[in-house]
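Okay, here's what each chain looks like letter by letter:
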Amino acid sequence: MTPASKMRNPTKTELRTRTGCRKCRERRVKCSEERPICRHCQRLGFTCRYELKLSWQNIVLLECREDVSPRLPKDLVVSIQSWMFLNTTQTDYDPDSLEANIEHQQDCVQTEDTEYQTDEPSPYQYISPFRLGEAEGYLWSYFNEYMTTQIVIDPGFNPYRDIVLKMAAFSKEGPLFQCVLAASANQLQSIGRNEYKHAMWLHRAKALRLLRAELAHLASREAYGGANGTSKDQIIASTIMLTFFEISKDCSNSWTVHADFARTFLASRLKDLSTLTADQEALLYFAVTYFVSHDILAATGGTLMEAAEMVTEMCKAVDKSTILALTGCPRDLLILISEINQISSIIDQSNEKQLSPALQQRRDKVERLLHQLHQNVPEQFASLKSEFSVIAEVKRLAAMLYLYSRIDNASPYEPKMIRITSQILSLIPKISLRTHTGLWPLFIVATLGVRECDEDRKLILSRLAALQQTRQLASVKKARLIIEDVWKSRDLWPDKSQGWSILQGRRHGAISLA
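Residues numbered from 1 in each chain as written. Predicted model: local features only at pLDDT ≥ 70, side-chain atom pairs only at ≥ 80, totals over all residues. Heavy atoms only, no water.

Peer 1: Explain the overall build of the protein here, please?
Peer 2: Scanning the protein for helices and strands turns up 23 helices and 0 strands. Across the 514 residues that make up the protein, the buried fraction comes to 51%. Excluding contacts between residues fewer than 6 apart, the proportion of contacts in the protein whose partners are at least 24 apart in sequence is 70%. Carbon and sulfur atoms form 51% of the exposed surface of the protein, whose accessible area is close to 25,400 Å². (Helix = DSSP H or I, 4+ residues; strand = E, 2+ residues; numbered from the N terminus. Buried < 20%, exposed > 50% of the residue type's maximum accessible area, 1.4 Å probe, protein only. Contact = heavy atoms within 4.5 Å. Areas by Shrake-Rupley, 256 points an atom, 1.4 Å probe, with all protein chains shown as cover.)

Peer 1: Any chance you could explain helix H10 (residues 175–190) here in plain terms?
Peer 2: Each α-helix winds once per 3.6 residues, and so residues spaced three or four apart point in a common direction. An ideal rise of 1.5 Å per residue puts 22 Å on 16 residues; H10 measures up with 22 Å between its terminal C-alpha atoms. Counting buried residues in H10 gives 15 out of 16 residues, a clear majority hidden from the surface. One or two residues past the end of H10 sits Gly192, with phi positive at roughly 105 degrees. (Expected span 1.5 Å × (residues − 1).)

Peer 1: How should the environment of Asp348 be read in this particular structure?
Peer 2: In this fold, Asp348 is placed in helix H17 (residues 331–350). For Asp348, a relative accessible area of 41% puts it in the partly exposed group. Spatially, the C-alpha atom of Asp348 lies 10.0 Å from that of Ile407, the residues being 59 residues apart in sequence. Every residue in contact with Asp348, bar those within four places of it in the chain, is listed here: Arg406 and Gln504.

Peer 1: Would you mind showing me how to read empty space enclosed by the protein here?
Peer 2: Tallying each qualifying case throughout the model produces 4 cavities of 30 Å³ or more. One number sums up the size of the largest cavity: a volume of about 380 Å³. Every element with two or more residues in the lining of the largest cavity is listed here: helix H12 (229–249), helix H14 (278–299) and helix H16 (320–327). The element best represented in the lining of the largest cavity is H14, accounting for 6 residues. Looking at the lining of the largest cavity residue by residue, the class counts come to 15 nonpolar, 10 polar and 2 charged. Size it by volume and the second largest cavity reaches roughly 60 Å³. If you go around the second largest cavity, the residues you meet are Ile428, Ile431, Ser432, Leu433, Thr435, Thr437, Gly438, Leu442, Arg463 and Leu467. Of the residues contributing to the lining of the second largest cavity, the split by class is 5 nonpolar, 4 polar and 1 charged. (1 Å grid on protein atoms, 1.4 Å probe; cavity = no way out; pocket = protein on both sides within 12 Å on 5 of 7 lines; lining within 4 Å. Points joined across faces, edges and corners; volume = space filled by probe spheres on them. Nonpolar A, V, L, I, M, F, W, Y, C, P; charged D, E, K, R; others polar.)

Peer 1: Is there a simple way to explain the packing of helix H8 (residues 134–147) against helix H9 (residues 159–170) in this structure?
Peer 2: Between two packed helices, what matters for the description is the angle formed by their axes and the separation of those axes. Running from N to C, H8 and H9 cross one another at 160 degrees; their axes reach a closest spacing of 10 Å. It follows from the interaxial angle that H8 and H9 lie roughly antiparallel. Crossing geometry of H8 relative to H9 is assigned as left-handed. Of the residues in H9, those in contact with Trp140, Phe143 and Asn144 of H8 are Tyr160, Arg161, Leu165, Ala168 and Ala169. When its residues are assigned to classes, the contact of H8 with H9 shows 6 nonpolar, 1 polar and 1 charged. (Axes fitted to C-alpha atoms, helices over the stretch in contact; angles between N-to-C directions. Parallel < 35°, antiparallel > 145°, perpendicular 65-115°, else oblique. Left-handed = near helix turned anticlockwise from the far one by under 90°.)

Peer 1: Got a minute to help me understand the pattern of salt bridges in this structure?
Peer 2: Working definition: two side chains of opposite charge can pair if their charged atoms are close together. Applying the stated criterion across every chain, the model contains 20 salt bridges. We note a salt bridge from Asp491 to Arg457, for which the minimum N-O separation is 3.0 Å. Of this pair, Asp491 sits in helix H23 (residues 474–492) while Arg457 is found in helix H22 (residues 454–470), placing the two residues 34 residues apart along the sequence. With relative accessibility at 41%, the residue Asp491 sits in the partly exposed group. Through salt bridges that share partners, Arg363, Asp364, Glu367, Asp408 and Lys416 make up one connected network. (Salt bridge = Lys/Arg side-chain N within 4 Å of Asp/Glu carboxyl O.)

Peer 1: Teacher, can you tell me more about the side chain of Lys232 here?
Peer 2: Of note, Lys232 is situated in helix H12. Those residues in contact with Lys232, other than ones at most four positions away along the chain, are Leu218, Glu222, Phe265, Arg269 and Asp272.

Peer 1: Honestly, the packing of aromatic side chains in this entry has me stumped. Any pointers?
Peer 2: Aromatic ring pairs are defined here through the distance separating the ring centres and the angle between the ring planes. A complete count under the given rule lists 10 aromatic pairs for this structure. Residues Tyr142 and Tyr146 carry aromatic rings whose centres are separated by 5.1 Å and whose planes lie at 35 degrees to one another, so their mutual orientation is tilted. In this pair, Tyr142 and Tyr146 both sit in helix H8, 4 residues apart, roughly one turn of the helix. Assessed through its relative accessible area of 29%, Tyr146 is described here as partly exposed. Three or more aromatic residues joined by ring pairs make a cluster, and in this case those are Tyr160, Phe244, Phe286, Tyr290 and Phe291. Note that Arg406 overlies the ring of Trp500, its terminal NZ or CZ placed 3.8 Å from the centroid. The ring centre of Tyr404 lies 4.1 Å from the NZ or CZ of Lys416, which sits over that ring. (Phe/Tyr/Trp six-rings, centres within 6.5 Å; stacked < 30°, edge-to-face > 60°. Lys NZ or Arg CZ within 6 Å of the ring centre and 35° of its normal.)

Peer 1: Help me understand the confidence of the model for the protein in this model?
Peer 2: Caution applies to low-pLDDT regions: their predicted coordinates should not be interpreted in detail. Confidence in the prediction of the protein, expressed as mean pLDDT, is 78, and 75% of residues score 70 or more. Confidence drops under a pLDDT of 50 for residues 1–16, and excluding neighbours within four residues, the segment shows 7 contacts in the predicted structure. In this model residues 52–129 is a low-confidence stretch, pLDDT under 50, and it forms 98 contacts with partners more than four residues away in sequence or in other chains. (pLDDT = per-residue confidence, 0-100.)

In structure tokens form, the structure reads like this:
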């Protein structure tokens with residue numbers, strides 16, 4: 001064959017390339033090498049990736065041998081180890097072992113089985129090592145390394161990592177594992193990674209199916225007196241993550257379905273509090289705080305009624321430090337906001353324009369307690385004392401604004417409303433954008449306090465945009481839509497849009513503000 005004929009009829013080997021994407025190299029076809037996705041992968045719907053495919057375990061083991069020089073840069077090897085989870089154990093999710101894990105990565109990987117012992121029995125004690133596929137490993141890693149750091153105020157208190165991921169690793173076949181992957185795929189899809197849209201719906205569907213099966217099994221076991229707490233914990237954690245998913249995805253009314261179920265289920269679980277292990281108690285406190293704060297704050301947005309008495313009692317059952325760590329505000333403040341919701345609900349049902357003496361007394365007590373409320377930050381949060389203090393004060397002032405607007409029907413133009421609004425706006429820039437804990441005070445001051453002031457409105461919109469940039473949350477988008485809708489109403493009909501009633505009847509549906 002002449003050189004000319006070789007050029008006219010390239011062989012199959014010559015069609016291949018070593019610099020193409022992984023999928024094209026696996027299929028042994030020439031890759032067009034467009035980035036971020038080549039023509040073949042785009043046409044066939046494959047995930048297009050360009051990184052090297054490595055033999056993970058061999059590389060890790062080579063790092064342990066002094067007589068063999070590493071084939072890869074050390075920082076790349078550490079990066080590989082961080083998400084492949086060759087041997088995942090409970091200690092990988094213990095906050096106290098983070099430094100030990102980093103040191104352990106520099107040592108030789110042990111291949112023999114290891115037994116783990118704790119001082120007290122735990123249902124999550126024996127976690128079998130498991131190996132994830134490429135797609136699952138990436139989603140798991142994304143949730144663990146990126147998302148969990150953006151959800152909490154205090155990095156040292158992270159129940160998503162220390163409780164949820166630990167439980168998911170314990171039962172890979174349970175609904176919680178699928179919930180974590182669905183939440184991760186949703187976040188990736190929301191930032192433009194549309195190749196994860198199918199995975200998002202797939203893992204959500206699996207999670208719902210497995211959760212229904214878990215509930216059916218629990219019901220049958222309880223009928224014969226054989227229910228166990230581990231199954232209940234799997235249900236509780238899965239419900240948290242499904243609610244998390246729905247709020248992040250589109251914040252439609254579907255998240256309230258999960259919340260309604262959780263409220264009843266958690267109230268029943270609280271009766272078993274004295275029999276729970278430390279791990280189970282931590283999960284229960286986390287779940288109660290999560291759903292109680294969502295219930296109470298959603299009711300302030302005018303689109304959802306709170307199951308007030310049950311929520312208040314559940315809130316009182318949780319220790320103060322858990323609520324402070326997760327919400328940035330004192331437990332007493334949440335209870336006072338719930339009391340405002342209850343008083344206003346009674347007013348709406350009575351159709352009386354003037355408060356009865358009993359209601360007036362309750363209202364005055366709430367006002368007095370809000371003025372007296374002061375948050376003492378516990379020692380374990382000393383490193384974040386100033387941030388916690390600012391968040392607590394902004395939320396206290398927002399509660400004052402909410403009280404005057406909802407019960408007294410005060411307009412944004414009254415002197416006390418103007419004063420409180422000014423105080424809140426001066427503190428808002430001091431709240432960190434690491435999490436969305438500032439969403440509720442932003443929403444309250446924007447809808448009930450801000451007047452026709454371009455500077456104030458610009459500040460609100462810039463903070464909302466910054467929150468959205470931190471994490472693509474549908475709840476932030478919905479909050480902005482409602483805020484802009486309220487501003488339009490105030491501008492067009494200033495005499496008819498007084499007080500909290502301006503939020504009633506909005507078409508946007510239930511909103512999460514926690």
